[in-house]
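Descriptive structure summary
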Amino acid sequence: MKLKIAIQKSGRLQEDSLRLLKECGIDISNGGNKLKTTAANFPLEVYFLRDDDIPQYVEDSVADAGIVGENVVYEKKKDVEVVEQLGFGKCRLSIAIGRNEGYDKESLRGKRIATSYPVLLQQYLDANKINAEIHEISGSVEIAPGIGLAEAICDLVSSGSTLLTNGLKEVETILHSQAVLIKNRQATTEKDQLLQRLLFRIRAVKKAKNNKYILLNAPNDNLDKIIGLLPGMKSPTVLPLATSGWSSVHSVIDENDFWQIIEQLKEAGAQGILVVPIEKMII
Ligand code: ATP
Ligand code: MG
C-alpha cells in the first residue's frame, strides 16, 4: 500500500514541493509530462495536478494528501484537514486600487472588484459590512482596472512588483498564505501511519532550517558566560583545545537569534566562530 500525495504539476509550488520530498529522503523523478510517479524508497505515489483541483481530489480520497497554498484550500472550501504549514509559497491575498486614488475602507463601497478569489473576498466584505460588486475572472486580474473592468482588484501579492507595474497600490490584506500539507479526513489507520512517517520527516527538515550549528573557541575564564548565551538542544558540548586555557564550544541556535547572539559572543571573547547549516534535526 502507498500513500498518494498530490502536488502542483507546474507553477510556483512545484519546485519547492519536490525539493521538500527530496529533503525528506524521498527519491522521485519530477515526472516530466506524467500524471503520477512512484517514489523509489518510500511507499509514496505522487500525483501532479493543477493546484485548484488538489483540495477536491483530497476530499474525494483520490489522493490521501496534498501540498497546496492555504489561499486555494480556503477558497475551495473543501472538507480537508490542514496538517502542517510548510514555510514556502508565502504570499498574501490583498485588495489593490489605482496608485493615485485616495483610500479608506468606506471607499470600497459600491466599487467593482475583480478577483479569482470570490469566496474569500466575499467573506472579507461581509465581515466588514462593505457592499461591493465582485467580478470573478480567472487570470491576469491586475489588468482589470486598466481596461475599465473594475475599480479595484483582490489578488495574490508577494513582492508587489506586479501591482507596481500595473499602476496599482495595495490597500488591504485579507489573508496571509503559505503552502500547507492537507489530508483526507477519512484516512485509514494504515494511510495515517504513512502520513505520520512523512510528517515526522517534514518536521525534522523544517526544524533544521530554522536552526544553525555553531562552533567556537572560548577562553576558559569566560566559559560560563559564553555557555549562558548558548542554550543548545540539551546544553552545549565543551571540549578542551590543545592550547591550554581554551575550549571548543558546540551548540545549536535559532536562526532568528543568530546575529544578536553572535555579537554577544564576540564581546565575551569567543573566537573562530563557525556557523553551519543543519540538514535534519530530530529532538
Ligand atoms: P495551476 O496551473 O496549478 O492552476 P496557478 O497559475 O493557479 O497554477 P501559481 O501561479 O503557480 O498557480 O501559484 C500557485 C500558488 O503559489 C498560489 O496559489 C499561492 O499559494 C502561491 N504563491 C506564492 N506567491 C505568489 C504570487 N506572488 N502570486 C501568485 N501565487 C503565489
Ligand atoms: Mg491554479
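Here, the structure is the one placed above.
Description of the structure in this document. Computed from a predicted structure; not experimentally measured. (Residues numbered from 1 in each chain as written. Chains lettered and ligands numbered in written order. Predicted model: local features only at pLDDT ≥ 70, side-chain atom pairs only at ≥ 80, totals over all residues. Heavy atoms only, no water.)

1. Observations concerning the sheet that holds strand S14 (residues 246-254)
Sheet architecture is open: 4 strands sit in the order S13-S14-S12-S15, paired in antiparallel fashion. The sheet terminates laterally at strand S13 (237-240) and strand S15 (271-277), the two strands that pair on one side only. Neighbour to neighbour, the strand axes of the sheet diverge by 20° on average, direction disregarded. Pairing of strand S12 (residues 211-219) with S14, which is carried by 9 bridges, proceeds in the antiparallel orientation. Counterpart to Leu 215 in the pairing with S14 is His 250. Its contacts with the sheet place helix H8 (residues 258-267) against S12, S14 and S15, and it is angled at close to 160° to S15. (Pairing = 2+ DSSP bridges. Helix = DSSP H or I, 4+ residues; strand = E, 2+ residues; numbered from the N terminus. Axes fitted to C-alpha atoms, helices over the stretch in contact; angles between N-to-C directions. Contact = heavy atoms within 4.5 Å.)

2. Let's talk about the state of the cysteines
Inspection of every chain in the model, using the stated rule, returns 0 disulfides. In this model Cys 91 remains outside any disulfide bridge; the closest cysteine sulfur is found in Cys 154, 11 Å from its own. (Disulfide = S-S within 2.5 Å.)

3. Regarding the site of ligand 1
Taken together, 16 residues form the shell around ligand 1, and within it Arg 50, Asp 51, Asp 52, Asn 71 and Ser 158 come nearest. Calculation on ligand 1 without its partners gives an accessible area of 630 Å², and the protein chains cover 78% of this total. Taken together, the residues that form the shell around ligand 1 break down as 4 nonpolar, 7 polar and 5 charged. (Near = heavy atom within 4 Å. Areas by Shrake-Rupley, 256 points an atom, 1.4 Å probe, with all protein chains shown as cover. Nonpolar A, V, L, I, M, F, W, Y, C, P; charged D, E, K, R; others polar.)

4. Observations concerning unusual backbone geometry
For residues besides glycine, phi is generally negative; the peptide bonds are generally trans as well. Here the phi dihedral of Ser 61 falls at roughly 65°; this positive angle occurs in a residue that is not glycine. For Ser 61, a relative accessible area of 36% translates into the label partly exposed. Positive phi, close to 45°, is recorded for Ser 140, a residue that is not glycine. Residue position: Ser 140 is located in the loop between strand S8 (133-136) and strand S9 (152-157). (Buried < 20%, exposed > 50% of the residue type's maximum accessible area, 1.4 Å probe, protein only.)

5. Section: the side chain of Glu 75
Looking at the element boundaries, Glu 75 is found in helix H3 (residues 70-76). Buried and unpaired, Glu 75 has Lys 76 as its nearest opposite-charge partner, separated by 6.6 Å. A distance of 2.9 Å separates a polar atom in the side chain of Glu 75 from the backbone nitrogen of Val 119. (Lys, Arg positive; Asp, Glu negative; His and termini not counted. Salt bridge = Lys/Arg side-chain N within 4 Å of Asp/Glu carboxyl O. Polar contact = N/O pair within 3.5 Å; in protein donor to acceptor, adjacent residues only side chain to side chain.)

6. Remarks on the pattern of salt bridges
Going through the model one piece at a time under the given rule, you end up with 14 salt bridges. For Lys 209, the salt bridge identified is with Glu 23, shortest N-O distance 2.9 Å. Residue Lys 209 is found in helix H6 (residues 189-209), and its partner Glu 23 is found in helix H1 (residues 14-23); the two are separated by 186 residues along the sequence. By relative accessible area, which is 45% here, Lys 209 ends up partly exposed. We note a salt bridge from Glu 84 to Arg 203, for which the minimum N-O separation is 2.9 Å. Of this pair, Glu 84 sits in strand S5 (residues 80-85) while Arg 203 sits in helix H6; the two residues are 119 residues apart in sequence, bridging distant segments of the chain. You can call Glu 84 buried: its relative accessible area is 12%. On the basis of relative accessible area, Arg 203 is assigned to the partly exposed category, the value being 41%.

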